[in-house]
There are 2 protein chains.
Amino acid sequence: MGEEWTWRYEGWDPAAERLREALCTLGNGYVATRGAAAEASAGPVHYPGTYAAGCYNRLTSSVAGREVDNEDMVNLPNWLPLRARAPGGPWLGPDDAEVLGHEQELDLRAGTLRRRTRLRDAAGREVELDETRLVHMGDPHLAAQRLRITPYGWSGELEVESALDGDVRNAGVERYRDLNGRHLTDLRTAVHDAGTGGTGPGGTGSDSSGSGGAAHGSDTVSLTCRTTSSRIRVAMAARTRVVPPATVPATAATTAPAAEATAGRTAVVQRFVLPVAAGRPVTVEKTVALHTSRDAAIGDPLDAALERVAAAPDFAGLLAGHTAAWDRLWRRAEVRVPGGAGHVLRLHLFHVLQTLSPHTAYLDVGVPARGLHGEAYRGHVFWDELFVLPFLNLHLPEVSRALLMYRHRRLGAARRAAAAAGRKGAMYPWQSGGDGREETQRLHLNPRSGRWLPDRSPLQHHVGSAIAYNIWQYWLASGDTAFLHTEGAEMLLQIARFWASSADWDPDCARYRIRGVMGPDEYHDAYPGAERPGLDDNAYTNVTAAWVLARALELAAALPAPRRAELFERMALDRAELDRWADVSRRLRVPFHAGVISQFDGYGELAELDWAGYRARYGDIRRLDRILEAEGDSVNRYQASKQADVLMLGWLFPPAELAALFRQLGHRLDDATWTATVDHYLARTSHGSTLSGLVHGWLLARSRRADAWDHVRQALLGDVADLQGGTTGEGIHLGAMAGTLDLVQRGLTGLQPREDALLLDPVPLPGLSDFRLSVRYGAHWGVGLTLFCGRLRVGVPESDQPPLRVVLDGRTRTVAPGTDLSMRLRPH
Amino acid sequence: MGEEWTWRYEGWDPAAERLREALCTLGNGYVATRGAAAEASAGPVHYPGTYAAGCYNRLTSSVAGREVDNEDMVNLPNWLPLRARAPGGPWLGPDDAEVLGHEQELDLRAGTLRRRTRLRDAAGREVELDETRLVHMGDPHLAAQRLRITPYGWSGELEVESALDGDVRNAGVERYRDLNGRHLTDLRTAVHDAGTGGTGPGGTGSDSSGSGGAAHGSDTVSLTCRTTSSRIRVAMAARTRVVPPATVPATAATTAPAAEATAGRTAVVQRFVLPVAAGRPVTVEKTVALHTSRDAAIGDPLDAALERVAAAPDFAGLLAGHTAAWDRLWRRAEVRVPGGAGHVLRLHLFHVLQTLSPHTAYLDVGVPARGLHGEAYRGHVFWDELFVLPFLNLHLPEVSRALLMYRHRRLGAARRAAAAAGRKGAMYPWQSGGDGREETQRLHLNPRSGRWLPDRSPLQHHVGSAIAYNIWQYWLASGDTAFLHTEGAEMLLQIARFWASSADWDPDCARYRIRGVMGPDEYHDAYPGAERPGLDDNAYTNVTAAWVLARALELAAALPAPRRAELFERMALDRAELDRWADVSRRLRVPFHAGVISQFDGYGELAELDWAGYRARYGDIRRLDRILEAEGDSVNRYQASKQADVLMLGWLFPPAELAALFRQLGHRLDDATWTATVDHYLARTSHGSTLSGLVHGWLLARSRRADAWDHVRQALLGDVADLQGGTTGEGIHLGAMAGTLDLVQRGLTGLQPREDALLLDPVPLPGLSDFRLSVRYGAHWGVGLTLFCGRLRVGVPESDQPPLRVVLDGRTRTVAPGTDLSMRLRPH
C-alpha cells in the first residue's frame, strides 16, 4: 500500500496560518508546541504556544458583571525564538522582507516539522531559512530546532538571535481575550557558564550568573517562572550552538562563533554574529529542556533542566532517537488504510499519539478535548475519552489505565459534588478542572445576539457513564483484573450508585425516571419556556445508566469475597441497595413516540423546524441554537439536534448488545424500530458537533447504507478542512480524530474484545474495505488484523502466551502464537 | 488465639522517651508523626516531627573540611502543639508540674496513640490530660488530636493553646546536628474566618486575613512554607474546637468558647479560655489537613488543605473512619501469631503498613530504611525493599508495584551512573536520593576515633540484584504480566546488562570476575592495606548476578515478539550480547576455601579474629569496625562479618533453587557444603546489622536447628528492645520489621508463588508452629493458610476465578473458590 506520510502546505498565507499551526503542532504527551511561520517576526501573526500536560491555572474573571471561575491551560514560555538578520537590518521574516517562497511540511513518520522560506530583504539580499523542529518522543523533556541559513548571491555577516521568552499570554482564542491571559509570574532568567553547563550528564550546571547578567561564550541560558494561581514552577534551559559548515576542517569545531548572552527581566537572549558566504549554509542548533515542579524523580526543576540539556546529544542525535521512538509508536498503533482516507487517518493518529503518548502513562492528566493544540475549552476534560480510550485500549493500555486513574484521583471530588447535589455516589463534572471540580463556565456568550446566557451543560451527567464504559472496555481489552477489582470497581460502583440515587419511582408510569438532565445533544437544555433546567428521561442517559447498573451488579457478584466485603463496607453498600440497583436497571423509563425512541420525555410534542427554510436563510445552521436565540426564539422548542444523542447508543453498543439492553429494560428493540429511529434523528440533526459525522457514519456503515461514506467523510475532514469554520485553529478535536480511527478499528471490523476471545464481524465500507491494523489484546502484542479482498487474516506473533481465541460468524477458532489464520468473509 | 493489640508504657521516663516516640510514631504512608509526651512543655525533651513521604531536601554541608552532599527527609511544621495552663501559670507539663501518673498506649488495631498524664502544678491544682491522636488511614491528608482536660478538686479557668509551628529543624539524629537542620523557608501563617472556613466541601475557605493578623472567633488557621532546596510547597490547615461537656444542653454547642487567633512569623496560635469545674472534663479537638505541591488532583496546596479541614467531620467521625480503614488493612495483611512473638509481629506489621500503606500506591516514594519514623539515613532509599516487597507482594501488590515504579522512574539516573562508571546498563545507587542519584555520604565519622573515613558503600552494586529479585517476585505473586513485559523488563534487562558489562574474563581461572565491589557485609570494603577500594568475586554479588542474567534471558525469550523487538531495538540489544549474558551467567566465579563458599576472593587468607578476647574487652562488638579502626587496626584484615553476606543466598533462594543456581555456575552445592558454610559464617559474624538475626533465624529454621529461635528472637527484639543501643530512637528498622513478617509468611511456610501454583513446604519452628495468615495471589484475594496441630489448611474465598493450584510434598491439588482443603504435614 503506497502511503503518504507528509502533510504539506505551500505558499505564505497569513489567513490560513492558525489552522495550519494547529494541524502542525508537535507534541509528546508531556508538552506540545505550536509556532507560526512568523514567529521570527514581530508582526501580528504571532501565536506561538507551548502547553504542558496538566499545567493549569485557575482564573477568576468578571464577565458581563458575573464572576466566571475557570481553569486555563497555561501558555508556557516560548522556546521557539530563533531568528536572523543582516546586522542593523530588520529580522528576516514575512513582515519586513519579500516572501519568494514558503513551504511547511509535517513529517508524520518522523514527527518533525520543516519550514523553508526564501526571502529577499529591503537591501535585495536573498536568504533561505530552512528550519526543522521536533518535540522529542523518546525524552519528553526535550525539544530541538535546527535552522539552516543560506545566503544567495551575497556574502558578509548575519546576526542570529536565540531566546527563551516568558513574556507570553494566553491569546489563542479570540473570545477569551477579555480574560486575564497572563499566567506566568516570578520570572527569572540566567546565563550559564559554557564550561560547566556543557559538561555532560554528571555536571550540575547550576552555577548561574544570576538574573540580569550577561556573559560571553555561553551556550546555555535558562528561564524559570511559576503559574500564577496553581503555583507550578516551570524551568526551561536552552543550549544554542552554531555548527560549522562541513567545508570547515573538523578541528575548527571548537572555534565556532561564541554567543553573547543577555538575561533580561522576561527573556534571555543569545546573539551570534556569523560570517556567511554565498550558497554556503550555516547551521544553528537549539536544544531546550523543560521541567516543572509536577515532575517526579527530580530535585529542583531548573537543576533538572540544566542537567538534561547539558547531557543532550546534538540535533542529529536527538533526531535519530526521536524518529526511532516514533517508529516504535507507529508499530504499536498500526492502522494502515490506503489512499486519501489513510492520509487523513495518519494525521489523526499522529495527533492522538502525540497528545496521549506513552509518556502520558506517567502523568496525572486527562483527555484534553482540544488536544494540547490550542487554548479552546481551556484544557478542560469533558467526555471525549469515550471516543479515545476504546482506540487506545488496544494499543497503549497503560495510557488508558493512566487516564482512568486520572478520574480515580478525582473520585473524591465527584463524590463531594454528588453529595452537594443531594445525591449518593459519584457525579463526575461535565468540564473537569485540574482538581476534579466542575469548571463549566456559568455563562456563555451568543456572539449573534451579544447576550450572555446561563450554561446548563453541567447537567450532562452522562459523563459518568462514559467513564464506566471505559473502565469496562479497558478491562476487556487488557485483562487487567487487578484494576477492575480495585480502582475500577471503586469508580464503577460509585457511578452506578449515583444513577440509582438519581432515579425516582413514578407510580403513574410504573417506571424509574431521571429528571432534569441534559443528554449529549446540547441544543436541549430545558423544556420550552420552563424555568426548571434540564429534561426528563433522556434516552441516552437512561439506557447507559441501566447498562452501568447492570455492569456494577455483574462486577459486585464476581469480586473475590474479601475484596467485595471491604469495598461494600467502605461504601456502606448492602444487599438492599443492590436490589434497588437491579430494580432500577430493569425499570428506568425509555420514552418512545411515533414508533421511534424519544430523545427525552415530550420530545415528540416539540415543533418541527423548517429545516429547508433555515438552511436557505442562514446557509450554515450548525449553530442553530445561536441563530434561534438571536431571533428571540429557542431551539428548545424544536425537534432539532446539534449532534447524535439517541443514536449514540448504536455507537456504544453493537446491535445484539443494544437489543439485549432494551430487553433488560422491558422493551423490544427490533431492526425496524431502530432503523426508524436512525432515520428520524438523521433528518433532524444540524451536525453542530464534530462527533456527529463519526457516529452517523459508524451506524450507517453497520446497516450498510449507501450514505455512510458521506458521514465518514465529514468526520475525516472535520479538522483537516476546518469544517467548523475556524474552531480548529483554537485546537484540534481530539475525540473526533480518535473516533475516526476507532471507526476503522472497531466500527468496520466489528472487533469486540471479550474476557476470553476477540469477536470479529467485519462490515467493510465500499472504498474502505482493505486495511490492516494490529492490536494488543491481553498479553498478546501486535495481533494483526488484515482485511483484503474479502478475506480476514488474523496473525498472532510468537510469545509464551496461550493461543488467541477468535470468534467470527459464531465460530470460535484458536490462533497459536507464531501462526496466522485466514478466513473468507461472508459476502454482504 | 488471644491477641494483645496494645503497646503500653507506664510512668514518665524522659530517658526512654526517644525510643518510645519512634515506636509510637503514627503514619499513613503519606505522612508520619512522632511527638514526645513533653511537646506541651518547652523543656529539653522535645522531638516532635512530621515527615511526609517524598519530601526531601538536598543539603550540602562541610564536614571536616570536606563537602558532604546529602538528601534530608524534611521535618515539616509541627502540628501537635496543644497545651493548657491556669491563666498566668506555666504550661502544664512535666517540666513545671509534678507528674502524678503517666501512661501511653499505642492501640495497633485502631491506629491511635493515647497518652494520659496526671499533673499537680505549683499551686497544688491537679489536672488530668488525656490525649488521643491519629494520622488518618482513610484520608492521608488528615490528622487529629482530642485532648480531654479534667481538673480535680478545683474549679476556675483554663487557658488552652493550639498552634501550627514552623520553627522546626531536623535535630532527631545527634551526629547530624552540625549540619544545617533548617529546611523550611517562606513561612506564611494566616487566620481564616470561621464563617467561610467552615462551610464544608463546597467552600473555598481561602479568604485569609494575611500573615501577622489576628482574629476573634476563628476556628481555622494555616501555615504554608516551602522546603529550602527542593522547593516543595507545604500547606497545613488546623481547625481547633472546644466541645462543650455533655452536661451542657445541646443547644449550647454553638456558644462554645471562641478562639483568639494570632498569626505570627513562624507560628499561628489559637487561644481559648475555658471555665472548668472539678471532675468535669472539657474536650478540645484539633484537626489538621496537610497538602504539598507534589500532590496530584489539587490546585494550590493551601486551598486544598483549607477545603479538606473544613469538610472533615468531628473527632468521633474521623476516628470511626480511621479505625474502619485500619480494620480493612489488618484483614488485607492478616498474620496471626499467638503469644509474645505475635505481639511484636503485630507492632512490626503496624509500622510496615503505616509506612507503606495503600496510599503509597499513589505516591512517588521508595522504601525508607528507617520508615518515616526518624531522620537517620536522611530518608535515603537503600536495598531494604528486598526485605519488604516479598511480604507486601502477597497483600498489597499495588504498593509493591508503586515501589518498583519508583525505581523505574529513576532508571535514567541509574543508566547515567553506569555510563559515568564506564559500564553499560543500569547501576542503581546504594543510597538513592529523591532524584535517583547516589547520595551516600563521601565520609563517615568513627565516633570512637574521631576520624572521618571514606565511605565506600557505593560499591554495593548488589542493590540492582535486589530490584531484579523484587520485579520477579512481584510478578510471580501478582501475575502482572503487563508490568513484567514493560517497566519490569526495562529494568531487569538493564540490570542484567550492567552485571554482564561488569564481568571481566580472567583466562587464568577461566571464569568471569566482578572486581572492586562490596557485598552486603559492610565490614569489608577493601583488601587489607590496599589502595584500591572494593573486593573481587563477592559470592553474594556474583551468584545473584548470575540469577539476574538467567531471569533476563528467560524473560527475553518469553516476551511477545513485537514487544521484544521494540525493547531490543531501544536498548540496542542483540543476539551476540544475549549470548555473552548466557556465558557470564554460567561462568561467573564463586570462590571457595576450606570446603565453604568464600565471602570473596582471598577471604580464606584473612586473619582469624580473637572473638572471645574482643567480646571480653569491649562487651558489645557489633561495631567491631569502629573498635578496630580506633585501635589503629582494620576489620578488613579479619574473617569477620558485620552481617550475613554469603548466607543471604540461603535466604533469597529456597534450597532447591540455590542448588540449581550453583549447578548453573558449574558447582555442586550439597547439604554438607552449605551446612559448613552456615557454620563458618555464623561463628564469624558480629551481628552489627538488624538483618542478621532475621537471615540466620530463617536459615536455621529451615535446617531445623535448635538455635534458630535465638536468632529469630534477636530479630523480633531488634527495635522493640532497641538492641542496637539507641538507633531505634532515630527511626525504626523497616527492613528488619518486614523481614520478621516474611520469616513467618515465607520462611516458615515455605510459600513460593509460582506462575501457575502456590508452592508450600512448612517447617514450623518449635514455639511458632501454629499461626494463620491470608495472602493475595493473582486474582485470588484472602487465600487463608492456617497451620495448626501439624495440619495445613488452605482456604480460597468465593470468586469467579478458576481454582487455586497448590503444591505440597510434590503433589498438586486444586482448591475451588469458596472451599478449603486441609492437609496433614509430614512429621519432622
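Residues numbered from 1 in each chain as written. Chains lettered and ligands numbered in written order. Predicted model: local features only at pLDDT ≥ 70, side-chain atom pairs only at ≥ 80, totals over all residues. Heavy atoms only, no water.

Description of the overall build of chain A
In terms of helices and strands, chain A carries 21 helices and 33 strands. A compact globule built from 828 residues would reach a C-alpha radius of gyration of about 28 Å, and chain A, at 28 Å, matches this within 12%. Each of the three principal axes of chain A carries a C-alpha extent, and together these read 85 × 65 × 55 Å. Buried positions account for 64% of the 828 residues belonging to chain A. Sequence-distant contacts, at least 24 apart, represent 69% of the contacts inside chain A between residues at least 6 apart. About 28100 Å² of surface is accessible on chain A, with carbon and sulfur atoms providing 49% of the total. Separation of charge centres in chain A, based on 93 positive and 99 negative side chains, amounts to 3 Å. (Helix = DSSP H or I, 4+ residues; strand = E, 2+ residues; numbered from the N terminus. Rg over C-alpha atoms; globule rule 2.2 N^0.38 Å. Buried < 20%, exposed > 50% of the residue type's maximum accessible area, 1.4 Å probe, protein only. Contact = heavy atoms within 4.5 Å. Areas by Shrake-Rupley, 256 points an atom, 1.4 Å probe, with all protein chains shown as cover. Lys, Arg positive; Asp, Glu negative; His and termini not counted. Charge placed at Lys NZ, Arg CZ, Asp CG, Glu CD.)

A few points about the relation of the copies chain A and chain B
After a rotation of 180° and a shift along the axis of 0.0 Å, chain A superposes on chain B with an RMSD of 0.0 Å. Taken together, the rotation and translation describe the operation of a two-fold axis. Taking C-alpha positions as reference, the residue of chain A nearest the rotation axis is R294 of chain A, located at 3.1 Å. With an isologous cut-off of 70% or more, the 100% of interface residues of chain A that recur at the interface of chain B puts this contact in the isologous class. (Least-squares fit on C-alpha atoms with pLDDT ≥ 70 in both.)

Things to note about helix 6 (residues 385-392) of chain B
Think of an α-helix as 3.6 residues a turn; residues three or four steps apart then line up on the same face. Most of helix 6 of chain B sits inside the fold, with eight of its eight residues counted as buried. Looking at helix 6 of chain B, one finds that the buried residues are E385, L386, F387, V388, L389, P390, F391 and L392 of chain B.

Overview of the domain arrangement of chain A
Note on interface size: it is often stated as the accessible area lost on association of the parts. All names here are of chain A. The assigned domain composition of chain A is domain 1 (3-330), domain 2 (333-747) and domain 3 (750-828). Taking only C-alpha atoms, the centre of domain 1 and the centre of domain 2 are 38 Å apart. The interface is formed by 51 residues belonging to domain 1 together with 47 residues belonging to domain 2. Joining domain 1 to domain 2, the criterion identifies four salt bridges. The salt bridge partner of R378 is D72, with a shortest N-O separation of 4.0 Å. For the side of domain 1 that touches domain 2, the secondary-structure elements that each account for two or more residues are strand 1 (6-10), helix 1 (17-23), strand 2 (26-27), strand 3 (31-34), strand 4 (49-63), strand 5 (66-75) and helix 4 (315-332). Per-element accounting of the side of domain 1 that touches domain 2 gives the leading share, nine residues, to strand 5. Here the residues of the side of domain 1 that touches domain 2 are counted per class, giving 27 nonpolar, twelve polar and twelve charged. (Domains from an automatic or database assignment. Salt bridge = Lys/Arg side-chain N within 4 Å of Asp/Glu carboxyl O. Nonpolar A, V, L, I, M, F, W, Y, C, P; charged D, E, K, R; others polar.)

Regarding the sheet that holds strand 1 of chain A
Residues and elements named next belong to chain A. Judged by pairing direction, the sheet is antiparallel, and its nine strands sit side by side in the order 1-7-8-9-10-18-15-14-12 without closing on themselves. Unpaired on one side and paired on the other, strand 1 and strand 12 (184-192) mark the two borders of the sheet. Each adjacent strand pair in this sheet contributes to an overall mean axis angle of 15°, direction not counted. Pairing of strand 9 (residues 126-135) with strand 10 (residues 142-152) involves ten bridges; the strand directions are antiparallel. In the sheet register, E126 faces strand 10, and the bridge partner there is Y152. The strands touched by helix 5 (residues 339-355) within the sheet are strand 1 and strand 7 (98-107), with strand 1 carrying the most contacts at an inclination of about 100°. (Pairing = 2+ DSSP bridges. Axes fitted to C-alpha atoms, helices over the stretch in contact; angles between N-to-C directions.)

Details of the side chain of R239 of chain A
Residue and element names in this part refer to chain A. Locating R239 in the fold gives a position in strand 15 (residues 233-243). Of the side chains with opposite charge, D219 comes closest to the buried, unpaired R239, at an N-O distance of 5.1 Å. Looking at R239, its side chain comes within polar contact range of the main-chain oxygen of A312, at 2.9 Å. Setting aside anything within four residues of it in sequence, one finds R239 in contact with D219, T220, E285, K286, T287, V309, A310, A312, P313 and D314. (Polar contact = N/O pair within 3.5 Å; in protein donor to acceptor, adjacent residues only side chain to side chain.)

Some remarks on the nonpolar core
In terms of nonpolar packing, the biggest core is built from 197 residues, with W383, L386 and V794 of chain B touching the most fellow members. Once you skip the residues sitting within four places of it in the chain, W383 of chain B turns out to touch W430, H462, V463, A466, P520, Y540, Q643, M648 and L691 of chain B. Membership of the second largest hydrophobic core comes to 195 residues, among which are L345, L396, W472 and Y527 of chain A. (Core = buried A, V, L, I, M, F, W, Y, C linked by side-chain atoms within 4.5 Å.)

A closer look at the pairing of strand 22 (residues 503-506) of chain A
All names here are of chain A. Of the strand pairs in this sheet, strand 22 and strand 23 (residues 511-514) are connected by four bridges, and their pairing is antiparallel. Of the residues in strand 23, the one forming a bridge with A503 is I514. Linking two consecutive strands that pair antiparallel, namely strand 22 and strand 23, is a turn of four residues; a positive phi of about 55° is found at A510 within it.

Brief notes about the interface of chain A and chain B
Listed by partner, the interface residues are 56 residues for chain A and 56 residues for chain B. Between chain A and chain B lies a buried interface of about 4500 Å² when both sides are counted; carbon and sulfur atoms form 49% of it. Considering only the surface of chain A that becomes buried against chain B, A297, R328 and W781 of chain A emerge as the three largest contributors, covering 13% of it. Applying the counting rule to chain A against chain B returns twelve salt bridges. Between R328 of chain A and E569 of chain B there is a salt bridge, and its shortest N-O distance comes to 3.8 Å. Where chain A touches chain B, the interface holds 20 residue pairs in polar contact (both at pLDDT 80 or more). Listing elements by their share of the side of chain A that touches chain B, those giving two or more residues are helix 4, helix 7 (397-409), helix 10 (481-502), helix 11 (539-558), helix 12 (561-571) and strand 29 (780-788) of chain A. Per element, the largest residue contribution to the side of chain A that touches chain B is eight residues, and it comes from helix 12 of chain A. Residue classes in the side of chain A that touches chain B are distributed as 18 nonpolar, twelve polar and 26 charged. (Buried area = accessible area lost by both parts, 1.4 Å probe.)

Focus: unusual backbone geometry
What is expected of a backbone is that most residues other than glycine have negative phi and most peptide bonds are trans. We note that R231 of chain A has phi near 55°; this positive angle belongs to a residue other than glycine. Here R231 of chain A is to be found in the loop between strand 14 (220-227) and strand 15. Positive phi, normally seen in glycine, also occurs at A594 of chain B, with a value near 45°. Assignment of secondary structure puts A594 of chain B in the loop between strand 24 (592-593) and strand 25 (596-597). Taking the relative accessible area as the measure of exposure, A594 of chain B reaches 76% and is therefore exposed.

A short note on the UniProt feature "domain: Glycoside hydrolase family 65 central catalytic" (unreviewed entry) in chain A
The UniProt record annotates "domain: Glycoside hydrolase family 65 central catalytic" (unreviewed entry) at residues 346-741 of chain A. With 50% helix and 5% strand, residues 346-741 of chain A has end C-alpha atoms that lie 9 Å from one another. (UniProt positions renumbered as here; feature names shortened; annotations may be inferred.)

As for the sheet that holds strand 1 (residues 6-10) of chain B
Residue and element names in this part refer to chain B. Read from one edge of the open sheet, nine strands run 1-7-8-9-10-18-15-14-12, paired in antiparallel fashion. Of all strands in the sheet, those bounded by a partner on one side alone are strand 1 and strand 12 (184-192). Averaged over all adjacent pairs, the angle separating strand axes in this sheet is 15°, with direction ignored. Bridging between strand 12 and strand 14 (residues 220-227) involves seven bridges; their strand directions are antiparallel. Directly across from R188, in strand 14, lies its bridge partner T224. Along the sheet face, helix 5 (residues 339-355) touches strand 1 and strand 7 (98-107) and points at about 100° away from the line of strand 1.

Digging into the packing of helix 10 of chain A against helix 13 (residues 575-587) of chain A
Residue and element names in this part refer to chain A. One way to put it is that helix 10 packs onto helix 13 with a least axis distance of 10 Å and a crossing angle of 70°. Relative to helix 13, helix 10 is oriented roughly perpendicular. In this structure, helix 10 crosses over helix 13, and the sense of that crossing is left-handed. Contacts from L493, A496, R497, A500 and S501 in helix 10 reach E577, R580 and W581 in helix 13. Its residues placed into classes, the contact of helix 10 with helix 13 shows four nonpolar, one polar and three charged. (Parallel < 35°, antiparallel > 145°, perpendicular 65-115°, else oblique. Left-handed = near helix turned anticlockwise from the far one by under 90°.)

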